[in-house]
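Below are the chains, spelled out letter by letter.
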Amino acid sequence: MADTLLPVADARHLVHSTIKPVEAEHIKLRHALGRVIAENSVARVSHPPADLAAMDGYAIRTSDLVSLPTKINIVGESAAGQPWKGKLNSGECIRIFTGAIVPETADAVVIQENTTAENGLVQINRPLIKGKNIRARAQDFYKGEAILKYPHMLNARDIGLLAAMNLPEVKVYRRPRIGVLSTGNEILQPGETISEGQIFSANGPGLCAFIESKGAQAFNLGIVPDNLSKLRDAIKRSGELDMLVSSGGVSVGDHDLVKRAAIEEGLQIYFHKIAMRPGKPLLYGTLKNMPFFGLPGNPVSAMVCAVIFLGPAIAMLSGLPGDAPESLTARLSNDIAANNDREHYIRAVLQRSESGLPTVTSLTNQDSALIKLLSEANALICHAPHAEALSNGSPVRVIPLT
Ligand code: AMP
Ligand code: MG
């Protein structure tokens, strides 16, 4: 009987239904870049904290400008962090600098370039409207305002905002801890002495790097041979983790023992065969409640499965919704053959275009063992199951690879 292949979207829903975010913790804002907030961030202060000068000049009362030019007495000075505490009477102004508090009795700041000052008097030549060059109190945000809503991954701009909100600590989801197991009798760690027929593990280091690029903590658990009890031991040792990812040994060959080992360790299987290329033999299940991905061994398949499934799963563990990877529309610059029943993620080169949509060119060789070509590619063209042939110039959906 032919294998039933699960559509990619259905597989993603199954993964969604099994993953919960890890717990939250309070950390210093300084270390919060890339973390996902677990509660709304509420401002502890207003910004600006008072009416502040937006320019260097003189804080004046616009009611003094009825006839121009006019000369006004300079009675004090307000600098950033050193406010002037007095009250302006009619005919009086103060020297003021950017960021300084504007006294309540002033209602505009005239910029120094439009004045001439002499003997304690400043001459104003041009009219000025009320509020000119003043940044009003709380114009940016107010004390008690919920600004960043959870869940949200913090970027550098957010960190600056949270600091301005006087939040030296933030409540964020812990970084998920994810283990990576490479399997296969022929696999070596880079740097080890190689014998005939052996290859170096691209997947261990590559998948760890992918996991870290998504903000999680990766643990390279090394290489396990195609041996049932050794695979079982390695799986057993992963209990402390939030997710386990293996590569290799999930196909149907005599030495593909990962599924059997995981079942013997209590794996509840959600799917094993996906309607995608590369990456058909993708195993997914839970070990107790821990999600487990058994990725295929071919490095391109493993990395494409990581982009399509692992990335969203890590996002979910980190507290985010875990949407499908971001995609964009590009214009094809070569022809693509009609597709069969598996969603095809075609390795391609995406390029900016001076006018209109970016262009995308598929690589001629799509063999899923060719690691150099995956590195040359910077995008995957999504070719739907049973889609017709596409010709040069057609718009296509593309997932950029980061
Ligand atoms: P498998 O899924 O175990 O049948 O492996 C498929 C192909 O991927 C074989 O040619 C393996 O040698 C290769 N492979 C498996 N694991 C790795 C790895 N960690 N790094 C590079 N290639 C691998
Ligand atoms: Mg193998």
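The structure we're discussing is the one just above.
Quick caveat, the model's predicted, so the values are computed rather than measured.

Quick notes on the pattern of salt bridges
In step 1: In this structure the tally under the stated criterion is eight salt bridges.
In step 2: The salt bridge partner of Glu23 is Arg174, with a shortest N-O separation of 2.9 Å. Taken together, the residues Glu23 in the loop between helix H1 (8-18) and strand E1 (24-28) and Arg174 in the loop between strand E14 (169-173) and strand E15 (177-183) connect sequence positions 151 residues apart.
In step 3: Classification of Arg174 by relative accessible area gives buried; the value is 18%.

Side note on the side chain of Thr62
In step 1: Within the element layout of this structure, Thr62 appears in the loop between strand E5 (57-60) and strand E6 (70-78).
In step 2: Assessed through its relative accessible area of 14%, Thr62 is described here as buried.
In step 3: Here Thr62 is in contact with Asp107, Ala108, Leu128, Ile129 and Lys130, once residues within four sequence places are set aside.

Re the sheet that holds strand E10 (residues 121-124)
In step 1: Taken in spatial order, the six strands line up as E8-E5-E7-E6-E10-E9 in an open sheet, and their pairing is mixed. Single-partner strands in this sheet number two, and they are strand E8 (108-111) and strand E9 (115-118). Here the strands of the sheet are splayed against their neighbours by 40 degrees on average, with no regard to which way each runs.
In step 2: Here E9 runs beside E10; their pairing, made up of four bridges, is antiparallel. Residue pairing in the sheet places Thr116 in a bridge with Gln123 of E10.

Description of the pairing of strand E23 (residues 290-295)
In step 1: Within E23, six of the six residues are buried, leaving the element largely enclosed by the surrounding structure.
In step 2: Where strand E19 (residues 243-247) lies against E23, four bridges are found, and the strand directions are parallel. Directly across from Leu244, in E23, lies its bridge partner Phe292.
In step 3: Sheet analysis places strand E22 (residues 281-287) next to E23, joined by five bridges and oriented antiparallel. Note that in E23 the partner of Leu283 across the bridge is Gly294.
In step 4: The turn joining E22 and E23, which pair antiparallel and follow one another in sequence, is formed by two residues; a positive phi near 55 degrees is taken by Lys288.

Quick word on the layout of surface pockets
In step 1: Volume-wise, the largest pocket comes out at about 1100 Å³.
In step 2: Along the wall of the largest pocket there are 39 residues; nearest its centre are Phe210, Ser213, Lys214, Gly311 and Thr402.
In step 3: Looking at the lining of the largest pocket, the elements with two or more residues in it are helix H3 (203-213), helix H6 (299-317), helix H7 (371-376) and strand E28 (395-400).
In step 4: Among the elements that make up the lining of the largest pocket, the one with the highest residue count is H6 (nine residues).
In step 5: Class assignment for the residues of the lining of the largest pocket results in 23 nonpolar, 11 polar and five charged.
In step 6: In this structure, the second largest pocket spans a volume of roughly 480 Å³.
In step 7: If you trace the second largest pocket, you find 30 residues lining it, with Gly248, Gly249, Pro296, Gly297 and Asn298 closest to the centre.
In step 8: Every element with two or more residues in the lining of the second largest pocket is listed here: E15, strand E17 (199-200) and H6.

Thoughts on the site of ligand 1
In step 1: Near ligand 1 lie 15 residues; those nearest to it are Glu186, Ser201, Ala202, Gly249 and Gly297.
In step 2: Taking Ser201, its side chain carries an N or O atom lying 3.1 Å from a nitrogen atom of ligand 1.
In step 3: Contact distances for ligand 1 include 2.9 Å between a nitrogen atom and a backbone N or O atom of Ala202.
In step 4: Across the complex, the protein chains shield 77% of the 490 Å² of accessible surface that ligand 1 would expose by itself.

Observations regarding the environment of Lys71
In step 1: Structurally, Lys71 is set in strand E6.
In step 2: Not counting residues up to four positions away in its chain, the partners in contact with Lys71 are Leu121, Val122 and Gln123.

As for the sheet that holds E19
In step 1: Read from one edge to the other, the open sheet built from six strands follows the order E18-E15-E19-E23-E22-E20, with strand pairing classed as mixed. Strands at the two margins of the open sheet, each flanked by one partner only, are strand E18 (217-224) and strand E20 (267-273). Strand-to-strand twist in this sheet, taken as the mean axis angle between neighbours without regard to direction, amounts to 15 degrees.
In step 2: Strand direction decides the pairing type here: E15 and E18, joined by six bridges, are parallel. Bridging across to E18, Thr183 finds its partner in Val224.

Considerations on the packing of H1 against H6
In a packed pair of helices, the relevant descriptors are the angle between the two axes and the axis-to-axis distance.
In step 1: Packing of H1 against H6 leaves a shortest axis separation of 10 Å and a crossing angle of 25 degrees. By the criterion of interaxial angle, the relationship of H1 to H6 is roughly parallel. Note on packing geometry: the crossing formed by H1 with H6 is right-handed. Touching Val8, Ala11, Arg12, Val15 and His16 of H1 are Ile308, Phe309, Pro312, Ala313 and Met316, all from H6.

Comments concerning the packing of H3 against H6
In step 1: For the pair H3 and H6, interaxial distance at closest approach is 10 Å and the crossing angle is 25 degrees. Our classification of the angle between H3 and H6 gives roughly parallel. Our pair here, H3 against H6, has a crossing hand that is right-handed. On H6, the residues touching Asn203, Gly206, Leu207, Phe210 and Ile211 of H3 are Pro299, Ala302, Met303, Ala306, Val307, Leu310, Gly311 and Ile314.
In step 2: Tallied by class, the residues present in the contact of H3 with H6 amount to 10 nonpolar, three polar and no charged.

Definitions and cut-offs
- Residues numbered from 1 in each chain as written.
- Chains lettered and ligands numbered in written order.
- Predicted model: local features only at pLDDT ≥ 70, side-chain atom pairs only at ≥ 80, totals over all residues.
- Heavy atoms only, no water.
- Salt bridge = Lys/Arg side-chain N within 4 Å of Asp/Glu carboxyl O.
- Helix = DSSP H or I, 4+ residues; strand = E, 2+ residues; numbered from the N terminus.
- Buried < 20%, exposed > 50% of the residue type's maximum accessible area, 1.4 Å probe, protein only.
- Contact = heavy atoms within 4.5 Å.
- Pairing = 2+ DSSP bridges.
- Axes fitted to C-alpha atoms, helices over the stretch in contact; angles between N-to-C directions.
- 1 Å grid on protein atoms, 1.4 Å probe; cavity = no way out; pocket = protein on both sides within 12 Å on 5 of 7 lines; lining within 4 Å.
- Points joined across faces, edges and corners; volume = space filled by probe spheres on them.
- Nonpolar A, V, L, I, M, F, W, Y, C, P; charged D, E, K, R; others polar.
- Near = heavy atom within 4 Å.
- Polar contact = N/O pair within 3.5 Å; in protein donor to acceptor, adjacent residues only side chain to side chain.
- Areas by Shrake-Rupley, 256 points an atom, 1.4 Å probe, with all protein chains shown as cover.
- Parallel < 35°, antiparallel > 145°, perpendicular 65-115°, else oblique.
- Left-handed = near helix turned anticlockwise from the far one by under 90°.

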